[in-house]
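Tertiary structure, described
Here is what each chain is made of, one letter per residue.
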Amino acid sequence: MKIGLYFGTFNPIHIGHLVIANHMVQYTELDEVWMVVTPHSPHKKKRGLLEDYHRLHMVNLAVEDYDYLRSSDIEFHLPQPNYTVNTMEHLHERFPKHEFALLMGEDNLNTFTKWKNYETLLDRYDIFVYPRIFEDKMKDNPLLKHSRIKLVENAPVMEISATFIRNAIKEGKNIKPLLDKQVWEYIDHNLFYKK
């Protein structure tokens, strides 16, 4: 089984995440996508993050109706801050019969060489790259020619950000269409992101 790992803080998970994960299973050779909830990304400030279990619960709610999408709390049990290469190696050891791949946005590919042990990731894992709209598009990025980099053509471009959603909730806007119904109800019930 080939599994795509979609890392994120998912603060909160929104329909953009689900559309991308679904597209990856439907239009690539991936059998499943695991949404890996990151307690603390080395590239993000921890302030403003909901507790890990709340974010994991929202991911569980969001993927409930999809047989091929799963949540993962694997990084909750690893040293922080979390580095992708360590998580990938841990999963490889824990599930030796699975083949793992990494999912990332096109914008992340431009900074990929700054990731810890990025050469190891390139050497061992396929990397599925989905399109994003951003300023510094580098069509001449040498990584695009690497055999492990798989550009996912015709994937929907989702320009919904969790930051936008959090700010909109704080401003009292109705953003229900951007979230899974159960996720919205959980956020609303717990008054998350209100201040």
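See above for the structure.
Conventions we followed
- Residues numbered from 1 in each chain as written.
- Predicted model: local features only at pLDDT ≥ 70, side-chain atom pairs only at ≥ 80, totals over all residues.
- Heavy atoms only, no water.
- 1 Å grid on protein atoms, 1.4 Å probe; cavity = no way out; pocket = protein on both sides within 12 Å on 5 of 7 lines; lining within 4 Å.
- Points joined across faces, edges and corners; volume = space filled by probe spheres on them.
- Nonpolar A, V, L, I, M, F, W, Y, C, P; charged D, E, K, R; others polar.
- Pairing = 2+ DSSP bridges.
- Helix = DSSP H or I, 4+ residues; strand = E, 2+ residues; numbered from the N terminus.
- Axes fitted to C-alpha atoms, helices over the stretch in contact; angles between N-to-C directions.
- Contact = heavy atoms within 4.5 Å.
- Core = buried A, V, L, I, M, F, W, Y, C linked by side-chain atoms within 4.5 Å.
- Buried < 20%, exposed > 50% of the residue type's maximum accessible area, 1.4 Å probe, protein only.

**Re empty space enclosed by the protein**
The probe, sized like a water molecule, is rolled over the atoms to show the empty space still left. Tallied over the entire structure, the rule returns one cavity of 30 Å³ or more. Volume-wise, the largest cavity comes out at about 30 Å³. Lining the largest cavity, in full, are I20, H23, M24, Y130, A155 and P156. Classifying every residue of the lining of the largest cavity by side-chain character gives five nonpolar, one polar and no charged.

**Observations concerning the sheet that holds strand β6 (residues 149-151)**
In space, the six strands of this open sheet follow the order β3-β2-β1-β4-β5-β6, with parallel pairing throughout. Only two strands of the sheet have a single neighbouring strand rather than two, namely β3 (69-72) and β6. Geometrically, the sheet is characterised by an average inter-axis angle of 30 degrees between neighbouring strands, direction not taken into account. When strand β1 (residues 2-8) meets strand β2 (residues 32-37), the two strands line up parallel, connected through six bridges. In the sheet register, G8 faces β2, and the bridge partner there is V37. Across the sheet, helix α1 (residues 15-27) is in contact with β1, β2, β3, β4 (99-105) and β5 (126-130); its angle to β2 comes to roughly 145 degrees.

**Examining the nonpolar core**
The biggest cluster of nonpolar side chains holds 40 residues, and the ones touching the most others in it are Y6, I13, M24, V33 and M35. Listing elements by their share of this core, those giving two or more residues are α1, β2, α2 (52-63), β4, β5, α6 (162-170) and α7 (181-190). Of the residues forming this core, the biggest block, six residues, is contributed by α2. Other than its neighbours up to four places away in sequence, V33 contacts G4, Y6, A21, M24, V25, Y68, L69, R70 and L103. F7, M104, Y118 and L122 belong to the second largest nonpolar core, which has 23 residues in total.

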